[in-house]
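In case you want the letters, here they are:
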Amino acid sequence: VEAVVCLGFGTGCLACAHAMNCEEEHLKGGSKMPRFVGTALAYPSLRKPHVLNDGELQKSVAFMASPLLVMPAMGDQKEVRPCGLLQFQFELLQRKVEFVIFDKVPQGFFAHGDLSREEVASAVGWAAEACCAFLHRTFQASEELEWRVELRRPPEGEEEELDVV
């Protein structure tokens with residue numbers, strides 16, 4: 001595994017920030033991979049008691065890999081919606097962020113929503129589709145990242161062996 005996208009649900013979105021913060025230490029130790037190449041957050045819950053204030057929220061968001069897909073649901077805080085603090089911080093860092101809004105379904109719909117309700121079943125389908133499209137675009141774009149190109153380059157003096165059939 002070379003590239004990873006972190007998927008976070010609810011308060012689990014904070015785990016994405018912490019895991020990506022640890023990546024720097026991992027790479028300092030000499031490892032070359034895996035590396036985070038994106039982040040997807042479903043109904044992110046980045047509030048007290050898990051996030052103490054706006055400064056801590058900004059710090060957590062700064063650790064998240066770009067691009068970022070955010071899928072807020074009904075009742076999610078303004079900070080994780082378009083024009084909120086999360087978007088402001090990502091754009092300040094010149095990183096890509098996109099939103100798919102699910103205002104007609106409650107938090108938790110994606111992981112444990114009541115699929116007998118039409119609006120929930122439809123939202124789960126749309127959210128899964130949005131995640132798959134995002135993951136595909138993200139992994140495809142990551143193939144061109146400098147570290148991945150370098151990883152595939154044969155060492156100097158060695159030519160790549162081709163199997164002839």
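Heads up: the structure comes first, above all this text.
A short tour of the structure in this document, coming up. Values in this document were obtained by computation on a predicted structure and should not be read as measured data.

The rules behind the values
- Residues numbered from 1 in each chain as written.
- Predicted model: local features only at pLDDT ≥ 70, side-chain atom pairs only at ≥ 80, totals over all residues.
- Heavy atoms only, no water.
- Core = buried A, V, L, I, M, F, W, Y, C linked by side-chain atoms within 4.5 Å.
- Buried < 20%, exposed > 50% of the residue type's maximum accessible area, 1.4 Å probe, protein only.
- Helix = DSSP H or I, 4+ residues; strand = E, 2+ residues; numbered from the N terminus.
- Contact = heavy atoms within 4.5 Å.
- Salt bridge = Lys/Arg side-chain N within 4 Å of Asp/Glu carboxyl O.
- Axes fitted to C-alpha atoms, helices over the stretch in contact; angles between N-to-C directions.
- Parallel < 35°, antiparallel > 145°, perpendicular 65-115°, else oblique.
- Left-handed = near helix turned anticlockwise from the far one by under 90°.
- Nonpolar A, V, L, I, M, F, W, Y, C, P; charged D, E, K, R; others polar.

**Section: the nonpolar core**
Moving on, step 1. Formed by 21 residues in total, the largest nonpolar core has its most connected members in Met-71, Phe-102, Phe-109 and Phe-110.
Moving on, step 2. At seven residues, the largest contribution of residues to this core is made by helix α5 (residues 118-142).
Moving on, step 3. Beyond its immediate chain neighbours, meaning those up to four positions away, Phe-110 contacts Phe-9, Ala-42, Tyr-43, Met-71, Val-124, Ala-127, Ala-128 and Cys-131.
Moving on, step 4. Among the nonpolar cores identified, the runner-up in size contains 19 residues, and Cys-6, Leu-14, Met-20 and Phe-90 belong to it.

**Observations concerning the pattern of salt bridges**
Moving on, step 1. For the structure shown, the criterion picks out three salt bridges.
Moving on, step 2. Across the pair Glu-98 and Arg-137 runs a salt bridge, and its minimum N-O distance is 2.8 Å. On the criterion of sequence distance, the pair formed by Glu-98 in strand β5 (residues 97-99) and Arg-137 in helix α5 is long-range, its members being 39 residues apart.
Moving on, step 3. Judged by its relative accessible area of 32%, Glu-98 is partly exposed.
Moving on, step 4. Overall, Arg-137 belongs to the partly exposed group, its relative accessible area being 39%.
Moving on, step 5. For the salt bridge of Arg-117 with Glu-119, the shortest nitrogen-to-oxygen distance reads 2.3 Å.
Moving on, step 6. For Glu-119, a relative accessible area of 35% puts it in the partly exposed group.

**So, the packing of helix α2 (residues 54-63) against helix α3 (residues 85-92)**
Moving on, step 1. Where α2 meets α3, the axes come as close as 9 Å, and the angle between the chain directions of the two elements is 50°. Taken together, the axes of α2 and α3 are oblique relative to one another. Judged by the sense of rotation from one axis to the other, the crossing of α2 with α3 is right-handed. Counting all contacts with α2, which are made through Asp-54, Leu-57, Gln-58, Val-61 and Ala-62, the residues of α3 involved are Leu-85, Leu-86, Phe-88, Gln-89 and Phe-90.
Moving on, step 2. Residue composition of the contact of α2 with α3, by class: seven nonpolar, two polar and one charged.

These figures capture arrangement, not role.
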